[in-house]
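An overview of the molecular structure
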Amino acid sequence: MSLFRKMRKKGRDKDENLSDSDSGISTTGASTSEGKKPGFFDKMFKHGKSKGEAGDKDHSGSSSSRTDGPSVVSAPIDGGPPSLSSAPVEQGGSTVSIRPSEVTNVQSTLPSGQFGKPAATEEPNRSSKAWGIAKASLKATLTILAGLAEDLPIPGKGAIGLTLRLIETREKVAANKDDLETLTSRCDLLKDSIAQSIKGKDASRLTQELMTSIGKLVEGLHSAFRKVFEGKAGTVAAYLMTEEDTDLIKETNDTITRLLERFLLENHIAGRIVLSDILAKVQDQSGILKEKFLALEREAQDARLDRLPRAAAAYDSQEVLDKVFSCFEGTREALLGGIGEWASSPHGTVPSIYVLDGIAGIGKSTILKTVAIRAGGINFLGASFFFSRDHERRKTTQYFVSTISFQLACYSKEFGVRIGDALQKHPDATEKDVRTQCNWLITEPLRDLMESRTTPLLIAIDALDECDERQALALLTVLLDEVVKLRNLKVFVTTRPESGIRHLLEEPGQQGDVARFHVQDIEQSVVQADIQVYLDFRLAPKQVQLALPALPPPPWQPTEDQKAKLVCMAGKLFIIAYTATEFILDRRQLAPDGQLETLLEGVLEEGLVGSDYINYMDRLYMHILRSAAPSAGTAKWLACYQDIVGTIIVLQNPLPQTALAALLGVKVPYTVRALENLHSILAPTGDAYDLTFHIHHKSFSDFVTTDERCAKDSGFMIETKAHHAHLALCCFEVMETSLKPNICGLGSEDWYKDLKDIQPSTKDSISVYVAYACTYWATHLELGDLEGLLPKFQQFASKNLLPWLEVLSFIGRLDAGFSSFEKTINLLTSHGDATMLKTLSILKNVQRFLLINFDIITTSPLHLYQSGLPFAPTDSGLKISKEMSICTLRHIAGSEANWDSTLSVLKHADFVYQSVYSVQNLSILASGTRSGDIYLWDTQTGTNKAILQGHSYAIKHLLFSPTTETWLASASDDCTARLWDVTTGNCLFILQGHDNMVQYLAFSPDGSMLATASADESVRLWDLQNPDESVACLEHTDSIVKIEFSSDGAYLASALVEGQVILWDVEARSDTVLQKKRPEMLTHVAFAPQGSILAYTMADFTIRLYDVETKRLVHTFTDSHLAKINWMTFCPDSSKLATASADFTARLWKIDGTGSSLMGVLKGHTGKITSVQFSPDSSKIATCSMDLSIKLWDGNSGVLLANFVGHSLTIHHVWFSPDGSRLASSSDDSTVRLWDLLAITDTTNLQKHSGSIEFAIFSPTGSKLVTTSIDKTVKIWDAKSGCLLHTLECPVQSVLFSFSDNESMLADGLTNGLIQIWDVGNFDKNPKSLTLHDKIIRQLKFSPNHHILASTADDKYLQIWNLNSKDSSIEHMFAFRHDNWEYIPGHCFYSRQHEAVVLIW
């Protein structure tokens, strides 16, 4: 039997007895017999058969679960995740279903034994290495034998070849097994990946293309595996076909690779397409979102621009169109041509500003409007603003910059974006001064846009003179500074040649920057030719017919001679020609020929030839007025004229006819009657049925209110004071009938809303005339006659102040509340009527209420009642009345009884080193910070008006000019001083020359010179008329601690640290050393405001007084402070000197010609005192200390009046306001605080003593205060308000008083021994006189029942008086003469020297 057959037979024989696990490997290759370990071939075939049998079993098991078509995998492969199935997969309410036609089950075609886990156990790992060595050795041996058998006759040659073939087959089987395992793993991975990728996905999110691609992939895998496993069920066949299987498996792997590559490529491309589609959609959406964002941004910018407060002041606004006309065609051509040439000239070739000035009525506004129209026609005009004193928003610069900015934003989209961005950056820009507004809203945003602009841009400004004079000068100054910063910007301005404007434009530094032309300089022949052209047109038959359509034919026209007279009458004033034609073509008269004749006869009756323009104008106006008066009923018409025209003249803002009638309390026909024939001078505008009458030209107001020009006896003269008073009365009556809480009738759902949210529904709730009355009543009261209006005013103040504030908030004019309070309080204070005390108190309380709640009420009007009123102090008199049903919160438990002393806290961004009030303007306060910024504050409202920036380091000193209220000087650590205009925020001069920080400033008394002292040990003098260089540099040898001018400006004193005091003669530039160097440092120096006394303090705590006139030391105070003197100041009249020290005290010194002495020591501070100041009237002294307190002292007695606490860090300075009503303090806590001194002790005394006060006493109830003075008067004051009640004249000085317990009598003792008994209920009644004493009265005492009076005097007598006699006279009862009488309260008088006791009661 051949070896091959034997081996097969042995294998079959042993087949059933062999176990599944390998027990060993024979390294010899010999046959295995019974009882021996199986050899290699035995193990190999047994292993193969076992696997085959297991495979058959598994295969049959698997087949039994198959269906005829493609089916699902019923069990996971290798225990992994579930296989793909045609059954639906549930996930979150969505179903993913793969159709069987698209997904073919791969696993169902694979034999489980081959594809799953093996049915029999594999060879142990421990035998794999041994088998590898044995196999290699056996194969090498057999290969050698086979090679030899080819050439040698070796037996078993065929067996050797077969054995080698079997070994190679075994190797291929092993390789096939690895490849099959790879296929299995790839199948599992693909199956898991596909299943997990689509499991639970929303079917709508799986595209048809993707599902088809997955189906193709699975179908391809199914086909590939079918080729491998079909017909390979038998184990032996699987081994015998190994070579084919190897190629097939590799081909299958390659097929799978290609399928996967194709699948990946298809889906990559499809994915890219999908991503491209998504990207396109995203880009589309992004574009849409971007457009929406830009639209929202544009809307936001538009909203910001819409919120710009502005006036209807453009050349084409209705207000301007109704009143200002353009030049008539063919007139002013030469002038207009010159202006056009200037406007179109390249930047830098001509000045950027053109000022056209001329007298009233010469046609300036007409020229400017023509320029604006022509520039606008070629897109050359950026903005225009026509000032007018007849319109609230056009008579001030408050709305100028915001109006110009809005027009520029409308002119250019780019401009609008920049200005909108600027508003976003500076939301409070419109609240700042004109310079800051201009810089923030125009200069900064548009600078680069104007740089790139190739053509000029024009801004036209008309009638600058119709603005408030100070504001006009401030605006012109800003224009001169800012316009040159914007390339290609041109500004055209018209104005009357007012003195302030002329002086500003004629300053040496300005003449080259401004082009100027005087309209009146045009030759008269040229002007009259233009007027002739104008008259030829206006009086041509066609124009006459248009103006007077009811005029019967033939068409009327004047003769050439008549027109020549009109030309002569007009001279150079177009206003005369215009007014004349309006008068001639008055359709109410319908008689142009008669009107013309009347006009010429009236105006030319004196034969003037047109050289005196004012006279011509006056005669024209007078003639028009006379012609307007009816022939019958002239007196009634004149009364109507006075009422209506007089009111129009003094109105602060024009009103429509119906509103005017309602304000005056008359019917509309009454107004029509007065105005019917005055349309030629009172230009009506607006609705034909509700005309608004304006004064057409200011020249008419000037004429009709000046008695030298419009005679009083004519009946046409308007006395403005009387009309202001009448209009004030009308305002009170309107407010009395109209004002009430919740005037707009808002429902409770709107009570708490902001004004901007409810304004649309309330804009028509407050009528025009009510708004006018609420806004301007105080102005008319101030300019009218207070005396006759007191009852109405008291009624208004006691009832309607809070509803009045509500209306002001609704109409956006709450700022008018502050000015109204200021005007009326000043009026009542100066009036001195004791009956107005209660009203004055109410005004002050509501004024304080407004200051504290300003922000709340501005935002939401009804929060006045809801949030403000319940928190008012209980003693303020502000109560919630029954009418205030809107108040849901009626009372706050624990409310303060009185107002806090702090009026405002002015917050800064850095430490505050300096604060100072304007010398002449109560409402302006300046403060300097460590960063170099200077803040300007409105002390009435506590709001920041501007920040002056320019210094780069800390502000060391601030000082207002004593003569120019708008000038502020500043000294800084940046080695410079600056001079500012606080109205414009403009830095006028930078004073450079010092080499170190500038520490001190001093103005000369006339304000013409400024001295600066620096750490470089020099003082420089600057002439403010020409401040380019200092006029003198005064060198010193040590650090300077203070400089000050003498009261006449002739001397400048400087104090040095080393102890020297140097007196400089300003004119001679020479110096005198008053105090030579001393070991002690000099700490302070001060000139007396009056006289020639100079005071200086030394480090030895002494104070020296030096007379600069006599050049001698007058006095030295040696009994002074116990530590360094930090501050020293004279009172305004130079009679007192106050010093402050590190010994925690201030001292008050008397300075007079008879000698100087200590008046008192002000004790109470617990830290170093850093500053001391006198009030303007010298009646009070303020000190501030390192103990963080501020104290107020009586300026005569040194008695402590008040203590203010609020700052949290060092307080540097205190300053009184110019009127003494407020105190400002600056601190390192970055605040300036304003303190109300009226809340502590009223300084608004209506009439003060003219001499020093010697004695004061309160009445028993504290309601009255009595003071006596060396001026021989006794004054009775209301103790609560501080107002004067009575002044009692005495023959000599009064020295003491005594009230009876019931306050019915006041006893007054005089220096000559006279005693006066006054009836407190009637001080006008002469007092009863007691004359037994002959020397100064020392004591006066009433008995408890006020029937007896006891008195003592220097005559040593104690006199007893009976005040209750039957005949009401005073009876002398008895007298006692002893020395040194003392009163024992409530019992008796006692003479210590004589031990005498007199019991009185």
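The structure contained in this document is the topic of the report that follows. Every chain is numbered independently, its residues counted from 1 as its sequence is written. Where local features are concerned, this predicted model is filtered to residues with pLDDT of at least 70; where side-chain atom pairs are given and counted, the filter is 80 or more; whole-chain, interface and lining totals use all residues. Each side-chain value is derived from all of the structure's non-hydrogen atoms; neither hydrogens nor water enter the calculation.

**Quick word on the overall build of the chain**
When helices and strands are counted, the chain shows 34 helices and 56 strands. Each residue is assigned to one of three classes by its accessible area relative to the maximum for its type, calculated with a 1.4 Å probe on protein chains only: buried under 20%, partly exposed between the two thresholds, exposed over 50%. Across the 1401 residues that make up the chain, the buried fraction comes to 51%. Restricting to contacts in the chain with at least 6 residues of sequence separation, those with at least 24 account for 56%. The method behind every accessible area is Shrake-Rupley, applied with a 1.4 Å probe, and residues are considered shielded solely by the protein chains displayed. As displayed, the chain offers around 63400 Å² of accessible surface, 52% of which is attributable to carbon and sulfur atoms. The secondary structure listing takes helices from DSSP runs of H or I that are at least 4 residues long and strands from runs of E that are at least 2 residues long, numbered from the N terminus. Contact definition: two residues touch when any of their heavy atoms are within 4.5 Å.

**Considerations on the sheet that holds strand 36 (residues 1180-1185)**
Across a sheet, paired strands are connected by hydrogen bonds in the backbone, their directions being either parallel or antiparallel. Any two strands between which DSSP finds at least two bridges are classified as paired. With respect to topology, four strands assemble into an open sheet ordered 35-36-37-38, the strand pairing being antiparallel. With partners counted over all chains shown, the strands left at the sheet margins are strand 35 (1169-1174) and strand 38 (1200-1205), one partner each. With direction set aside, neighbouring strand axes in the sheet form an average angle of 15°. As judged from the five bridges shared by strand 37 (residues 1189-1194) and strand 38, these two strands associate in the antiparallel manner. The partner of Ile 1190 across the bridge, within strand 38, is Phe 1204. Between N-to-C directions, angles cover 0 to 180 degrees, with each direction set by a line fitted to C-alpha atoms, over the stretch in contact for helices.

**Details of the sheet that holds strand 6 (residues 489-495)**
With parallel pairing, five strands are arranged side by side in an open sheet as 4-5-6-3-7. Across the chains shown, the open sheet's two edge strands, defined by having one partner strand only, are strand 4 (381-386) and strand 7 (514-518). This sheet shows a mean twist of 15° between the axes of neighbouring strands, independent of strand direction.

**Quick notes on the packing of helix 17 (residues 524-538) against helix 19 (residues 560-570)**
With their axes 10 Å apart at the nearest point, helix 17 and helix 19 run at an angle of 130° to one another. Looking at the two axes, helix 17 sits oblique to helix 19. The handedness of the crossing between helix 17 and helix 19 is right-handed. Contacts from Gln 528, Ile 531, Gln 532, Leu 535 and Asp 536 in helix 17 reach Glu 560, Lys 563, Leu 566, Val 567, Cys 568 and Ala 570 in helix 19. Residue classes follow a fixed rule: Ala, Val, Leu, Ile, Met, Phe, Trp, Tyr, Cys and Pro count as nonpolar, while Asp, Glu, Lys and Arg count as charged, and any other residue, Gly among them, counts as polar. In the contact of helix 17 with helix 19, the residues fall into six nonpolar, two polar and three charged. Oblique is the label for every angle not falling under 35 degrees (roughly parallel), over 145 degrees (roughly antiparallel), or within 65 to 115 degrees (roughly perpendicular). Should the near helix be turned anticlockwise from the far one by less than a right angle, the crossing is left-handed, and should it be turned clockwise, the crossing is right-handed.

**Here we look at empty space enclosed by the protein**
In this analysis the probe radius is 1.4 Å and the grid spacing 1 Å, with only protein atoms considered; a cavity is a set of points the probe fits into but cannot get out of, a pocket is an open set with protein on both sides within 12 Å along at least five of seven lines, and lining residues have an atom within 4 Å of a point. Grid points are joined across faces, edges and corners, and a volume is the space filled by probe spheres set on the points. Using the criterion set out here, one finds five cavities of 30 Å³ or more in the structure. The computed volume of the largest cavity comes to approximately 130 Å³. Of all elements in the fold, only helix 12 (400-411), helix 14 (434-452), strand 5 (457-462), helix 15 (469-482) and strand 6 reach the threshold of two or more residues within the lining of the largest cavity. Of the residues that constitute the lining of the largest cavity, the class distribution is twelve nonpolar, one polar and one charged.

**Description of the packing of helix 14 against helix 15**
Closest axis-to-axis distance for the helix 14/helix 15 pair is 10 Å, and the angle between their directions is 40°. The angle between helix 14 and helix 15 falls in the class oblique. In this structure, the crossing between helix 14 and helix 15 has a hand that is right-handed. Side by side, helix 14 and helix 15 meet where Val 434, Arg 435, Cys 438, Asn 439 and Thr 443 of the first sit next to Leu 475, Thr 477, Val 478, Asp 481 and Glu 482 of the second. Taken together, the residues of the contact of helix 14 with helix 15 break down into four nonpolar, three polar and three charged.

**A short note on the packing of aromatic side chains**
Only rings of Phe, Tyr and Trp enter the pairing, Trp through its six-membered ring, and a pair is recorded when the two centres are within 6.5 Å. The plane angle decides the type: under 30 degrees is stacked, over 60 is edge-to-face, the rest tilted. Following the criterion strictly, the structure yields 29 aromatic pairs and no others. Measuring from centroid to centroid gives 5.9 Å for Phe 387 and Phe 400, while their planes differ by 15°, and the two rings are stacked. Of the two residues, Phe 387 is situated in the loop between strand 4 and helix 12 and Phe 400 in helix 12; the sequence distance between them amounts to 13 residues. For Phe 387, a relative accessible area of 3% gives the class buried. Centroid distance Trp 637 to Phe 716: 6.5 Å. Interplanar angle 70°. Geometry classified as edge-to-face. With Trp 637 in helix 23 (residues 634-650) and Phe 716 in the loop between helix 26 (698-704) and helix 27 (720-738), the pair connects residues that are 79 residues apart, well separated along the chain. The pair Trp 637 / Phe 716 is uniform in exposure class, with both members buried. An aromatic cluster is present here, built from Phe 732, Trp 777, Phe 793, Phe 796, Trp 804 and Phe 821 joined pairwise through their rings. Whether a charge sits over a ring comes down to the Lys NZ or Arg CZ being within 6 Å of the ring centre and within 35 degrees of the ring normal. The positively charged end of Arg 310 is found above the aromatic ring belonging to Phe 406, 3.7 Å away from the centroid. Between the NZ or CZ atom of Lys 490 and the centre of the ring of Trp 342, over which it lies, the distance is 5.4 Å.

Purely geometric numbers; function is a separate question.
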